[in-house]
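# Working through the structure, step by step
One-letter residues, chain by chain:
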Amino acid sequence: MTLSVAVIGTGAIGMDLVNKIQRSPLLHCGLLAGRNKDSAGLEVAARLGCPTSAGGIDAVLASPKPFDVVFDATNAMSHVRHWALLRPLGTLLIDLTPSHLGKMIVPTVTGTEALTERNVSLISCGGQASIPILHALSRHFRINDIEVVATVASNILGRATRINIDEYVDTTQRALSAFTGVANTKAILNISPAAPPAMFRVTIFAGIPGVTKEQITPVLAEAVEAVRGFSAGYSLTALNVSEGRVSISLEVVASSKVMPEYAGNLDLINSAAILVAEQYASYRNKTEGANGHSD
């Protein structure tokens, strides 16, 4: 059984989600909904074989049968309204905005926790890149402070993300503390106008007293490999350790038919979102099969 899926938001995130949904054996793209009938995202989705609408959330609600999963790729303010409308329907709402409303999910850290929640938050691209590393380090070492600096190309950063920069910073910092237990955290988002466009890079700075490079290296290798299991373009590019200060550099290269390589920020968070939806689909298939139900 495949799950019926809708995407709200026709920007680069929405277009890439449709592309990834179409490649999934567990998900069926039932709708891409936006509010601008001339959006390039609607044209791309239609070309990929996904039904489209410029009716926004109203088009999602008008479906004869509620969608099993809805991806929200709009903005933090809109997500609050979308959740209020979809909550009574039992739909799994996967939030790609920095609203900090639902259960925070980082696939390699939380596993299948999303299965018991109806609203799950993918935090931010910087959070998805840094938290697997920092959570792994926090399990082995005492961390005094954390700073995460994400750099994204300006021409891949949509209007909604620019509107939500404050929410991005706040949500990412909260997530860093929640997943590591470190109170002193800081998140920074750099928007690069460089030409050619900058690749998506994240640098982590952390205070870890007494640690050595030899101690950290195997921990990082395991964490990176876990993320690469669903986002192959994720890689560790540098590690420096000096007098209790650790600097870790990460890069994500996008693998998408509808986005350039430098859109690794979008590719990473979308890949995480698809993985969560597929975990949910597998869970539904297993439990409904065990109970003798089928569609």
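Residues numbered from 1 in each chain as written. Predicted model: local features only at pLDDT ≥ 70, side-chain atom pairs only at ≥ 80, totals over all residues. Heavy atoms only, no water.

### Thoughts on the overall build of the protein
Our working rule: Each helix is a run of DSSP H or I of at least 4 residues and each strand a run of E of at least 2, with the numbering of both proceeding from the N terminus. In this scheme, a residue with accessible area under 20% of its type's maximum is buried, one over 50% is exposed, and one in between is partly exposed, where area comes from a 1.4 Å probe on protein chains only. In what follows, residue pairs with any heavy atoms lying within 4.5 Å of each other are defined as contacts. Only four residue types enter the tally: Lys and Arg on the positive side, Asp and Glu on the negative side, with His and both chain ends excluded. All charge positions are set by atom: Lys at NZ, Arg at CZ, Asp at CG, Glu at CD.
Each helix and strand in the protein was counted, giving 10 helices and 12 strands. Each of the 295 residues in the protein was classed as buried or not, and the buried ones make up 54%. Contacts spanning at least 24 positions in sequence make up 69% of the contacts within the protein whose residues lie at least 6 apart. Each charge sign in the protein was given a centre, from 23 positive and 24 negative side chains, and these centres are 2 Å apart.

### Some details on the sheet that holds strand β12 (residues 245-252)
Rules: When DSSP finds two or more bridges between a pair of strands, those strands are recorded as paired. Here an axis means a line fitted to C-alpha atoms, over the contact stretch when the element is a helix, while the angle between two N-to-C directions is reported on a 0 to 180 degree scale.
Read across the open sheet, the 5 strands follow the order β9-β8-β10-β12-β11; overall the sheet is mixed. Two strands close off the open sheet at either side, each with one partner strand: β9 (185-192) and β11 (234-242). Adjacent strand axes in the sheet meet at a mean angle of 15° when their direction is disregarded. The pairing of strand β8 (residues 145-153) with strand β10 (residues 200-207) spans 7 bridges and is classified as antiparallel. Residue V148 lies in a different strand from β10, and its bridge partner there is I204. Across the sheet, helix α8 (residues 165-180) is in contact with β8 and β9; its angle to β9 comes to roughly 140°. With respect to the sheet, helix α9 (residues 213-228) is in contact with β11 and β12, its orientation differing from that of β11 by roughly 165°.

### A closer look at the UniProt feature "active site" (unreviewed entry) in the protein
Rules: UniProt positions are given in the numbering used here, feature names are shortened, and annotations may be inferred rather than shown by experiment.
The feature "active site" (unreviewed entry), as annotated in UniProt, sits at C125 in this numbering. Tracing the sequence through the fold places C125 in helix α6 (residues 125-138). Setting aside its immediate chain neighbours within four residues, C125 contacts Y168, F200, N265, L268 and I269.

### Considering the environment of Q173
The criterion, for reference: N or O atoms within 3.5 Å of each other form a polar contact, as long as, within protein, one can give a hydrogen and the other can take it, and as long as residues adjacent in sequence are counted only when both atoms are side-chain atoms.
Locating Q173 in the fold gives a position in helix α8. Q173 gets classed as partly exposed once you look at its relative accessible area, which sits at 22%. In this structure the C-alpha to C-alpha distance between Q173 and T185, which are 12 residues apart in sequence, comes to 5.8 Å. If we ignore the near neighbours within four places in the chain, the residues touching Q173 are T185, K186 and A187. Within the structure, Q173 has its side chain in polar contact with the backbone nitrogen of A187 (distance 3.1 Å).

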